[in-house]
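One-letter residues, chain by chain:
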Amino acid sequence: MSGKGLPHFAVGRIVKGFGRGSKELGIPTANYSPDVVENLPKNVDTGVYFGWASIDRGDVHKMVMSIGWNPFYQNSQKSMETHIMHKFPGDLYGAELRVVIVGFLRPEVNFDSLEDLIKGINGDIENAEKLLENADLAAYRTHKFFTEPIDPAQLTS
Ligand code: ADP
Ligand code: RBF
Ligand code: MG
């Protein structure tokens, strides 16, 4: 189920994106800086993924992630944007985001309208919520990556 190049472990600071996630979509996404995007294995295709995430070594939450150029907006810079399924009290800019990407959901689509994009993402969130209940994938929630000081480059499973 996990797919090529997965699981993938990543760590980085949250940077400013285009400011569209919360404002236009009502779905905030924490954006990684380009160096984290460049560290993705070459065999990880663009698309929508899911897994687990923590902020500043805090609790581990479910997440969905979009990797690519957002065809709906035709971005020129490849991005890795994570929506964490948890309500945070405020902004997370500058915080450390740790993620483990455990599975692929679908390729990126150029939706016909903003409404369809939002529906698509909400469907991804629902699917991820269910898939992460699978014992093998749920196990990553307590992976040592989230609790011990290890270099994610050393981790392959
Ligand atoms: P940007 O384009 O700068 O990424 P967004 O509209 O996508 O702006 O909002 C993202 C910001 O919202 C994140 O960087 C983070 O600071 C904040 N945020 C708050 N709650 C969440 C959440 N549950 N998941 C992701 N980001 C969140
Ligand atoms: N953008 C697209 O253009 N096409 C997509 O199929 C797409 N799927 C997404 C799925 C998820 C789970 C998330 C969080 C984002 C997705 N986006 C997609 C990116 C969306 O356009 C982006 O979050 C906003 O542009 C805010 O940066
Ligand atoms: Mg964002």
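Because the structure is a prediction, the values reported are computed rather than measured.

Engineer: Summarise the coordination of the magnesium ion (ligand 3); cite the residues concerned and give the values.
Structural biologist: Protein-derived ligands of the magnesium ion (ligand 3) are Thr-29 (O), Thr-29 (OG1) and Asn-31 (OD1), with the metal-ligand distances lying across 2.1 to 2.3 Å. Residue Thr-29 is classed as partly exposed on the basis of its relative accessible area of 27%. Given a relative accessible area of 11%, Asn-31 falls into the buried group.

Engineer: Could you give an account of the nonpolar core, with specific residues and numbers?
Structural biologist: The tendency in soluble globular proteins is for nonpolar side chains to be buried as a group. Counting 22 residues, the largest nonpolar core has Tyr-32, Met-65, Ile-67, Met-80, Leu-97, Val-99 and Ile-101 as the members making the most contacts within it. Of all the secondary-structure elements, those providing two or more residues to this core are strand E1 (8-15), strand E2 (30-32), helix H2 (34-38), strand E3 (47-55), strand E4 (60-68), strand E5 (79-84) and strand E6 (96-106). Filtering out sequence-adjacent residues up to four positions away, Ile-101 remains in contact with Leu-6, Pro-7, His-8, Tyr-49, Phe-50, Met-63, Met-65, Ile-67 and Met-80. If you look at the next biggest cluster of nonpolar residues, it comprises 21 residues, including Phe-50, Phe-111, Ile-125 and Leu-155.

Engineer: For the site of ligand 2, give the residues involved together with the corresponding values.
Structural biologist: Inspection of the region around ligand 2 gives 19 residues, with Asn-70, Phe-72, Glu-81, Arg-106 and Val-109 positioned closest. The separation between an oxygen atom of ligand 2 and a polar side-chain atom of Arg-20 is 3.5 Å. Of all elements in the fold, only helix H1 (21-25), E4 and helix H3 (114-131) reach the threshold of two or more residues within the shell around ligand 2. Top element by residues in the shell around ligand 2 is H3. It accounts for three residues. Among the residues making up the shell around ligand 2, the classes are represented as ten nonpolar, four polar and five charged.

Engineer: Talk me through H3; I want residue IDs and the actual numbers.
Structural biologist: If you check H3, its first and last C-alpha atoms are 26 Å apart, about what 18 residues at 1.5 Å a residue would give, namely 26 Å. Along H3, the residues classified as buried are Leu-117, Gly-120, Ile-121, Asp-124, Ile-125 and Ala-128. The buried residues of H3 all sit within an arc of 140° when viewed along its axis, so they share a single face. Turned more than 90 degrees off the buried face of H3, the exposed positions are Glu-115, Lys-119, Glu-126 and Lys-130. Looking at the buried residues of H3, the elements they touch are H1, E3, E4, E5 and E6.

Engineer: I'd like a rundown of the side chain of Lys-62, residues and numbers included.
Structural biologist: Looking at the secondary structure, you find Lys-62 in strand E4. By relative accessible area, Lys-62 is classed as buried at 12%. A polar atom in the side chain of Lys-62 sits 2.5 Å from the side chain of Glu-133. Each residue touching Lys-62, except ones within four places of it in the same chain, is listed here: Gly-51, Trp-52, His-83, Ile-84, Met-85, Glu-129, Leu-132 and Glu-133.

Engineer: Help me get a handle on the site of ligand 1, residues and values and all.
Structural biologist: The immediate surroundings of ligand 1 are formed by 21 residues, with Gly-17, Gly-19, Ser-22, Asn-31 and Leu-92 found nearest. Between ligand 1 and Gly-17, the relevant distance is 2.7 Å, taken from an oxygen atom to a main-chain nitrogen or oxygen of the residue. Between ligand 1 and Gly-21 there is a distance of 3.2 Å, counted from an oxygen atom to a backbone nitrogen or oxygen. Here ligand 1 loses 93% of its free accessible area of 560 Å² to cover by the protein chains. Among the secondary structure elements, those contributing two or more residues to the shell around ligand 1 are H1, E2 and E5. Broken down by element, the residue count for the shell around ligand 1 peaks at three residues, all from E5. Tallied by class, the residues present in the shell around ligand 1 amount to eight nonpolar, ten polar and three charged.

Engineer: How would you summarise the pairing of E6 if you had to cite specific residues and measurements?
Structural biologist: Among the eleven residues in E6, nine count as buried, and that is most of the element. With six bridges joining them, E1 and E6 adopt antiparallel strand pairing. Across the sheet, the residue bridging to His-8 is Ile-101, located in E6. In this sheet, E6 lies alongside E3 in antiparallel orientation, the contact comprising eight bridges. Bridge pairing links Ser-54 to Arg-98 in E6.

What counts and what doesn't
- Residues numbered from 1 in each chain as written.
- Chains lettered and ligands numbered in written order.
- Predicted model: local features only at pLDDT ≥ 70, side-chain atom pairs only at ≥ 80, totals over all residues.
- Heavy atoms only, no water.
- Donors = N, O, S within 2.8 Å, 3.2 Å for Na, K, Ca; no water.
- Buried < 20%, exposed > 50% of the residue type's maximum accessible area, 1.4 Å probe, protein only.
- Core = buried A, V, L, I, M, F, W, Y, C linked by side-chain atoms within 4.5 Å.
- Helix = DSSP H or I, 4+ residues; strand = E, 2+ residues; numbered from the N terminus.
- Contact = heavy atoms within 4.5 Å.
- Near = heavy atom within 4 Å.
- Polar contact = N/O pair within 3.5 Å; in protein donor to acceptor, adjacent residues only side chain to side chain.
- Nonpolar A, V, L, I, M, F, W, Y, C, P; charged D, E, K, R; others polar.
- Expected span 1.5 Å × (residues − 1).
- Arc of directions from axis to C-beta.
- Areas by Shrake-Rupley, 256 points an atom, 1.4 Å probe, with all protein chains shown as cover.
- Pairing = 2+ DSSP bridges.

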